[in-house]
Amino acid sequence: MKIDLPKGVRTFNPKESFILSWIEKSIEDNFKLWGYEKVILPLLEYYDAHKNVLNEEILKNTFRLVDRYEGETLILRPDFTVQIARYIASLQEKEFPVRLYYTGDVFRYVVPKGDNLYEKKQIGVELIGVDKIEADAEIIAIAISSLKKLSIENFQIDVNNVKIFKAITKILNLSQDQTKELFLYLKNREIYNIQAFLKDFDVNNKIKDFILNLPKLNIKADRLKELAKEYEDIEEISNALKELIVIYKILKEYQLDEYIVFDLCEPREFSYYTGIVFEIFIKDFPKIIGYGGRYDNLLSNYNGNHPATGFAFDLLAIYDYIIKTIEIKNEKDFYIIDTTEDKKLAYNIAKNLRTKGYTVARDIIKRDIDLSIDFAFKNGYKNVILITVENSGKKVYILKDKNKKEEASLEEILK
Ligand SMILES: N[C@@H](Cc1c[nH]c[nH+]1)C(=O)O
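All values derive from a computational prediction rather than experimental measurement.

1. Considerations on the pairing of strand β5 (residues 98–107)
- Summarising burial for β5: nine of the ten residues are buried, a large majority.
- Bridge count for strand β1 (residues 37–38) against β5 is two bridges, and the pairing is parallel. For E37, the partnering residue across the bridge sits in β5 and is L100.
- Judged from the ten bridges that link them, β5 and strand β6 (residues 119–128) form a sheet pairing that is antiparallel. Considered in β6, the bridge of G104 is made with Q122.

In C-alpha cells:
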C-alpha cells in the first residue's frame, strides 16, 4: 500500500500549518480593514464556463474530471479571478463597487519538481465596478499594507501597463503568432531576438527604439514622465504611460511611492488583463510573492460588463520567505499532568483556564512524570500543572521550566 503522496501536493505539519495560518490571518485581517468581504467559492466549476476565457496554456494544464451525474466536464479551479468574474456576473442584483476577498487553492498541472506544486495557495482581493485608476492604486496599497502587517519591508512592486504591449502589437500589426513570439522575447528580455524580430517591420526607428529599450526600462517615476513627453506623438503609448504617472501620484498621496518601480517589460501570464498590472518581489528572494492588475473585459465573457481590478498573494512564496527570516513560535499555555485517581480537579482547572482564553491540554497517557514534563516543554507549553497525591490529599504544583517545581494554590493558578 502506498502511504506517500503524489508529486505536486504537500502536507504542512502542525508547526508549518500554524505559521501558514498566521500569515493567512494577518493578511485576511488587513483585507477586512479595507472593507473587503470574504467569499467562499467551490473548487469545482464547469469547464465550459471558462474555456473561452482562459489562455490556451492555462486551459491545457487544468485538472479535469467528468461529473458522474451530468456527464459534464468539470475543472478544479485554476484561477480565482475568472471564478469571481463568473460569480459576479451570475448575481441577479449587484451594487457597485463590490469588494471581495478569497483564500484557497488553485490547481494547475506543472512539472512537479521541488516546490513547484499542482496546488497553489492564494489569498487575494477583487474590486469590481470601478474603472478609475484610484481603484488600481487601492489594490496596490492593500498589497503593501498587508506585507507591512507581516513585518516585511524590503519589497518592491513592479508596475506596468499592458496597454503598452497592446499598442505595440497594433502599431506593428502583428498576427497572433507574432504577438506570442514578441511577448516571449520581451518576457525573457532577449534583446537580440527582439532586434532580429523588428528588422523586417516597416515602422519608424523611434518605435523600434522604444520596443528595444523595454527590457531595460526598470525605472522610477521621473523617467516615466520624460518618456511620456518623448512619445507624445504616439498617442496609445503616451496614454498608457500617463496612466502609470497617475497611479504613481495617487500612491504618493498614500505615501507608498517608495515601493514602486516601473518595469515596462513585465508582462503577466493571464490574457485577461487590460490595463495596469503589477508583480511583487522581495529583494534578494527569488520568488514572485504577489501579482495582479486590471481586467475590464473579463466579466463580459460571463454576461456582465463591469470594469475590475485585483491581486493575489502566493501564500507559499510568502511562507518560504517568512520561515527563513522571522521566528514565529507556536506557544501554548498550560499542560496538566494529573496522577491522581479521579481527574475532577484537572478538568476543573482546565475548564476555568479555557474560559479565560488559555490553551490547556491534559497528558492522559500513563507514563513517568518526568517524561510527561519533558513532552510538555518540548511541545511548546509554557507552564505545566502537576497534580499529585500526598498524605492522602491532592497537591498542585506549577512548573515554568522543567527543573523548577513550585507548589501553587488553586487561586494562584486561576489568577
Ligand atoms: N488571478 C491572478 C491574480 C489577480 C487577481 N486579480 C487580478 N489578478 C493570478 O493568479 O495571477
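2. Overview of the UniProt feature "domain: Aminoacyl-transfer RNA synthetases class-II family profile" (unreviewed entry) in the protein chain
- Under the UniProt annotation, "domain: Aminoacyl-transfer RNA synthetases class-II family profile" (unreviewed entry) lies at residues 23–108.
- Secondary structure across residues 23–108 comprises 36% helix and 26% strand; the distance between its end C-alpha atoms is 23 Å.

3. Details of the sheet that holds strand β15 (residues 381–390)
- Here five strands make up an open sheet; going across it, the order is β14-β13-β15-β16-β17 and the pairing mixed. In this open sheet, the two strands that pair with only one neighbour each are β14 (360–362) and β17 (405–407). Across the sheet, the axes of successive neighbouring strands diverge by a mean angle of 30 degrees, strand direction being ignored.
- Note: strand β13 (residues 332–338) against β15, six bridges, orientation parallel. The residue bridging Y335 from the neighbouring strand is V384, located in β15.
- Strand contacts of helix α13 (residues 344–355): β13, β14, β15 and β16 (393–399), with the helix running at about 160 degrees to β14, the strand carrying the most contacts.
- Contacts from helix α14 (residues 369–378) reach β13, β15 and β16, with the element oriented near 160 degrees to β15.

4. Here's the deal with the nonpolar core
- Grouped together as the largest cluster of nonpolar side chains are 84 residues, with contacts concentrated most on F31, I157, F262, I280, F311, F313 and I318.
- When residues of this core are assigned to their parent elements, the largest contribution, ten residues, is made by helix α5 (residues 133–149).

5. As for helix α6 (residues 162–171)
- Of all the residues in α6, the buried ones are V162, I164, F165, A167, I168 and T169.
- Those residues of α6 that are buried are in contact with β7 (155–161), α7 (176–187), α9 (205–213), α11 (235–253) and β10 (276–282).

6. Examining the packing of helix α10 (residues 221–230) against α11
- Packing of α10 against α11 brings their axes to within 9 Å, and their N-to-C directions diverge by 150 degrees. Taken together, the axes of α10 and α11 lie roughly antiparallel to each other. You can see that α10 and α11 cross each other, and the crossing is left-handed. Touching A221, L224, K225, L227 and A228 of α10 are S238, L241, L244, I245 and Y248, all from α11.
- Taken together, the residues that form the contact of α10 with α11 break down as eight nonpolar, one polar and one charged.

7. Comments concerning the site of the ligand
- Not every one of the 16 residues close to the ligand is listed here, only the nearest: D79, T81, E126, R268 and Y273.
- Between a nitrogen atom of the ligand and a side-chain N or O atom of Y272, the distance comes to 3.1 Å.
- In this structure, a nitrogen atom belonging to the ligand sits 3.3 Å away from a main-chain N or O atom of F311.
- Protein chains shield 99% of the accessible area of the ligand, which is 300 Å² for the free molecule.
- Listing elements by their share of the shell around the ligand, those giving two or more residues are β6, β11 (288–294) and β12 (308–314).
- In terms of residue class, the shell around the ligand is made up of eight nonpolar, five polar and three charged.

8. Notes on α9
- All of the buried residues in α9 are I207, K208, F210, I211 and L212.
- Taken together, the buried residues of α9 touch α6, α7, α8 (191–198) and α11.

9. What about a nonpolar patch on the surface?
- The grouping of L43, L44 and L65 at the surface amounts to a nonpolar patch, some 230 Å² of accessible area in total.
- By secondary structure assignment, the location of L44 is in strand β2 (residues 44–46).

10. Points about the pairing of β7
- In terms of burial, β7 is largely enclosed, as six of its seven residues are buried.
- The pairing of β7 with β10 spans seven bridges and is classified as antiparallel. Across the sheet, the residue bridging to V159 is F278, located in β10.
- Pairing analysis gives three bridges linking β7 to strand β9 (residues 260–263), with the strands arranged parallel. Bridging from a neighbouring strand, D158 pairs with V261 of β9.

Rules behind the numbers
Residues numbered from 1 in each chain as written. Predicted model: local features only at pLDDT ≥ 70, side-chain atom pairs only at ≥ 80, totals over all residues. Heavy atoms only, no water. Buried < 20%, exposed > 50% of the residue type's maximum accessible area, 1.4 Å probe, protein only. Helix = DSSP H or I, 4+ residues; strand = E, 2+ residues; numbered from the N terminus. Pairing = 2+ DSSP bridges. UniProt positions renumbered as here; feature names shortened; annotations may be inferred. Axes fitted to C-alpha atoms, helices over the stretch in contact; angles between N-to-C directions. Contact = heavy atoms within 4.5 Å. Core = buried A, V, L, I, M, F, W, Y, C linked by side-chain atoms within 4.5 Å. Parallel < 35°, antiparallel > 145°, perpendicular 65-115°, else oblique. Left-handed = near helix turned anticlockwise from the far one by under 90°. Nonpolar A, V, L, I, M, F, W, Y, C, P; charged D, E, K, R; others polar. Near = heavy atom within 4 Å. Polar contact = N/O pair within 3.5 Å; in protein donor to acceptor, adjacent residues only side chain to side chain. Areas by Shrake-Rupley, 256 points an atom, 1.4 Å probe, with all protein chains shown as cover. Patch = residues over 30% accessible without salt bridge, like charges linked within 9 Å, V, L, I, M, F, W, Y side chains within 5 Å. Salt bridge = Lys/Arg side-chain N within 4 Å of Asp/Glu carboxyl O.

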